[in-house]
Amino acid sequence: MMHYSDICIVGAGISGLSCVNQLLESSVCNGLDIQVFDMNADVGGRVNSKNLDAEESIELGAGRYSPQLHPNFQRVMQSYDQKNDIYPFTELALKDNVQEKLRSTILSLIPMLKEHGKDSFLSFISSYLGEIEARKIIKSMGYDALFLPNISAEMAYDIIEKHPETQSFSKNALNQWFYASNGFTQLIGQMKAEAQSKGVSFTFDHRLISLIKQDDEYQLTFLNEANETVTHVARHVILAIPPSAMPKLALNFPEDWSQYRYGSLPLFKGFLFYDTPWWEPYQLVDKVIIADNPLRKIYFKSNKYIFFYTDSENASYWHDCLKNGEDEFLKEVHFHLADALDLTPAHIPFPKEHHHKHWPHGVEFCVDTAIEHPFALLHKENGVIACSDAYTSHCGWMEGGILSAKKSAGILIERLSK
Ligand SMILES: Cc1cc2nc3c(=O)[nH]c(=O)nc-3n(C[C@H](O)[C@H](O)[C@H](O)COP(=O)(O)OP(=O)(O)OC[C@H]3O[C@@H](n4cnc5c(N)ncnc54)[C@H](O)[C@@H]3O)c2cc1C
């Protein structure tokens, strides 16, 4: 079956939906047929809230934002009247009160970035404090990506400044952070509803497998849930899919799009629910602690639940652990949770309910730090536009998706205006 559109957007995460809404704001798109495709069963992508009951939702994907760092995202939240609440995890509860020492160490090395900023973060810190101390410092910040050889000192400082748990070691110590009271998926649902009310149509369970340009049109081939191929012809295309999904399209990514290289890291989140908030007597309410074990960052959310959040090798660790079944996974989590709190496992109860999600490409980014990186990519021959947070200085954040969408939609609007 053949379908046609004027504008086809592939990918219905926050980037794709922001593209749609930007296009709809422009009069040059009046009356144009805009169609959105996604391989998932609904919108959202890496925004993935799970409603537990009428009052509680958890975020398996994106979980928080800062108005100081993410003003465009905040504006979107406000424009849809989304309620927010304070995200409390802006300071690490470190053992032996070593925060101040850590903070002064991290800040004191900033002047050296000028000369050695391109070194890996580990060798940067090691060259001043020795490798043992450097490993201790990096470990205590909870993000394993900071150990990776391709994470330069400049990139590491950027990560430290832009994450709530580590911002207290930087000039951003006073940034505020919020979460969406009803889950970010509600916002995404509203963006979709608005687009639908303006005539945009959505097709799910369709995975783009190839795209070719013929004359002035693009022919897109999708695989639907019944494994049938579906062809769609469009006059204009925006691929709002992350860089990790691009090479599968035989469009010679990244070489025909960009002079830069891209990478991604896995992420894993696990949520644990108990009959009683047993962590209250330990003064852990609304605190995040760093564990020197595979749980890494453990968050105690009010008196409601506990979650842990890991990246890189420890995200893969939990993914592999699940291959032995949910019971083994829970036993392991229980053991490491007790270890992180210096308690015996018998001392803490077993969770009554749990949820988790592994994201093989949780965070996507440009490997070569380049401030001049364009916020949207263009295929050098066929003119297809690619949009992702990974192309912006806010890679790994919804803000980046919105910025890339503005740029992508802007390119298309300019083309349509000619
Ligand atoms: C665990 C986790 C925690 C995070 N925490 C935060 C946070 O606290 N704050 C924050 O701002 N951001 C956070 N992020 C990052 C944030 O989720 C992303 O920056 C943002 O969602 C990216 O949006 P996107 O639309 O560019 O990509 P995605 O959300 O990945 O959307 C891409 C869409 O394209 C579709 N797609 C891909 N390939 C194809 C294909 N071939 N055919 C059809 N469809 C395709 C996918 O199904 C998907 O729906 C987090 C991410 C994860 C995973």
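If you're wondering where the values come from, they're calculated on a predicted model, not measured in any experiment.

Caption draft 1: Up close: the overall build of the protein. In terms of regular secondary structure, the protein is built from 11 helices and 17 strands. Radius of gyration (C-alpha) of the protein: 22 Å, near the 22 Å computed for a compact globule of 418 residues. Its C-alpha atoms put the protein at 65 × 50 × 40 Å along the principal axes. Per-residue burial over the protein gives 42% buried out of 418 residues. Taking the contacts inside the protein whose residues are at least 6 apart along the sequence as the reference set, 69% of them involve residues at least 24 apart.

Caption draft 2: Representation of the site of the ligand in the model. Within the structure, the ligand sits among 36 residues, and G11, G13, S15, G45 and R46 are positioned closest to it. Listed by contribution, the elements that provide at least two residues to the shell around the ligand are helix 1 (14–24), strand 8 (207–214), strand 11 (262–273), strand 15 (353–366) and helix 11 (398–417). When the residues that make up the shell around the ligand are grouped by side-chain class, the tally is 17 nonpolar, 13 polar and 6 charged.

Caption draft 3: Local environment of the pairing of strand 11. With 10 of its 12 residues buried, strand 11 lies for the most part within the structure. Where strand 11 and strand 15 come together, 11 bridges link them in antiparallel fashion. The residue of strand 15 that forms the bridge with L272 is H354. Direction of pairing for strand 11 relative to strand 14 (residues 305–311): antiparallel, over a ladder of 7 bridges. In the sheet register, L267 faces strand 14, and the bridge partner there is D311.

Caption draft 4: Just the sheet that holds strand 15, in detail. The 5 strands are arranged 12-13-14-11-15 in an open sheet whose pairing can be described as antiparallel. Where the open sheet ends on each side, the last strands, each with one partner, are strand 12 (288–290) and strand 15. Strand-to-strand twist in this sheet, taken as the mean axis angle between neighbours without regard to direction, amounts to 20°. Two elements, strand 13 (residues 297–301) and strand 14, share 5 bridges in a ladder whose sense is antiparallel.

Caption draft 5: Local environment of the domain arrangement of the protein. Looking at the protein, the domain boundaries give domain 1 (2–46 + 72–86 + 182–261 + 371–417), domain 2 (95–174) and domain 3 (265–364). When each unit is reduced to the centre of its C-alpha atoms, the spacing between domain 2 and domain 3 is 24 Å. Each partner contributes residues to the interface: domain 2 has 8 residues there, and domain 3 has 10 residues. Looking at the side of domain 2 that touches domain 3 residue by residue, the class counts come to 3 nonpolar, 2 polar and 3 charged.

Caption draft 6: Expanded view of the pairing of strand 2 (residues 34–37). On strand 2, burial covers both faces: I34 and V36 on one face and Q35 and F37 on the other are all buried. Examined bridge by bridge, strand 2 and strand 7 (residues 201–203) share 3 bridges and lie parallel to one another. Residue V36 lies in a different strand from strand 7, and its bridge partner there is F202.

Caption draft 7: Structural detail: the environment of Y262. Counting through the fold element by element, Y262 comes out in strand 11. When the C-alpha atoms of Y262 and P243 are compared, they prove to be 6.7 Å apart, with 19 residues separating the residues in sequence. Here Y262 is in contact with P243, P254, E364, F365, C366, V367 and A390, once residues within four sequence places are set aside.

Caption draft 8: Representation of the environment of T310 in the model. Tracing the chain through its elements places T310 in strand 14. In this structure the C-alpha to C-alpha distance between T310 and L17, which are 293 residues apart in sequence, comes to 28 Å. Apart from residues lying up to four places away in sequence, T310 is in contact with F268, P294, L295, R296, K297, A315 and W318.

Caption draft 9: Structural view of the packing of helix 2 (residues 71–79) against helix 11. One can describe the packing of helix 2 onto helix 11 by two numbers: an axis separation of 8 Å at closest approach and a directional angle of 90°. Considered as vectors, helix 2 and helix 11 are oriented roughly perpendicular to each other. Mapping the contact onto sequence places N72, F73 and V76 in helix 2 and M398, E399, I402 and L403 in helix 11.

Caption draft 10: Representation of the packing of helix 5 (residues 121–129) against helix 6 (residues 131–139) in the model. The geometry of helix 5 relative to helix 6 is characterised by a closest axis approach of 7 Å and an angle of 130° between their N-to-C directions. Comparing their axes, helix 6 and helix 5 come out oblique. Note that helix 5 runs across helix 6; the crossing there is right-handed. Between helix 5 and helix 6, the contacting residues are F121, L122, I125, S126 and L129 on the first element and E131, E133, A134, I137 and I138 on the second.

The rules behind each value
- Residues numbered from 1 in each chain as written.
- Predicted model: local features only at pLDDT ≥ 70, side-chain atom pairs only at ≥ 80, totals over all residues.
- Helix = DSSP H or I, 4+ residues; strand = E, 2+ residues; numbered from the N terminus.
- Rg over C-alpha atoms; globule rule 2.2 N^0.38 Å.
- Buried ≥ 20, exposed ≤ 12 C-beta atoms within 10 Å, placed from the backbone.
- Contact = placed C-beta atoms within 7 Å.
- Near = placed C-beta within 6 Å.
- Nonpolar A, V, L, I, M, F, W, Y, C, P; charged D, E, K, R; others polar.
- Pairing = 2+ DSSP bridges.
- Axes fitted to C-alpha atoms, helices over the stretch in contact; angles between N-to-C directions.
- Domains from an automatic or database assignment.
- Parallel < 35°, antiparallel > 145°, perpendicular 65-115°, else oblique.
- Left-handed = near helix turned anticlockwise from the far one by under 90°.

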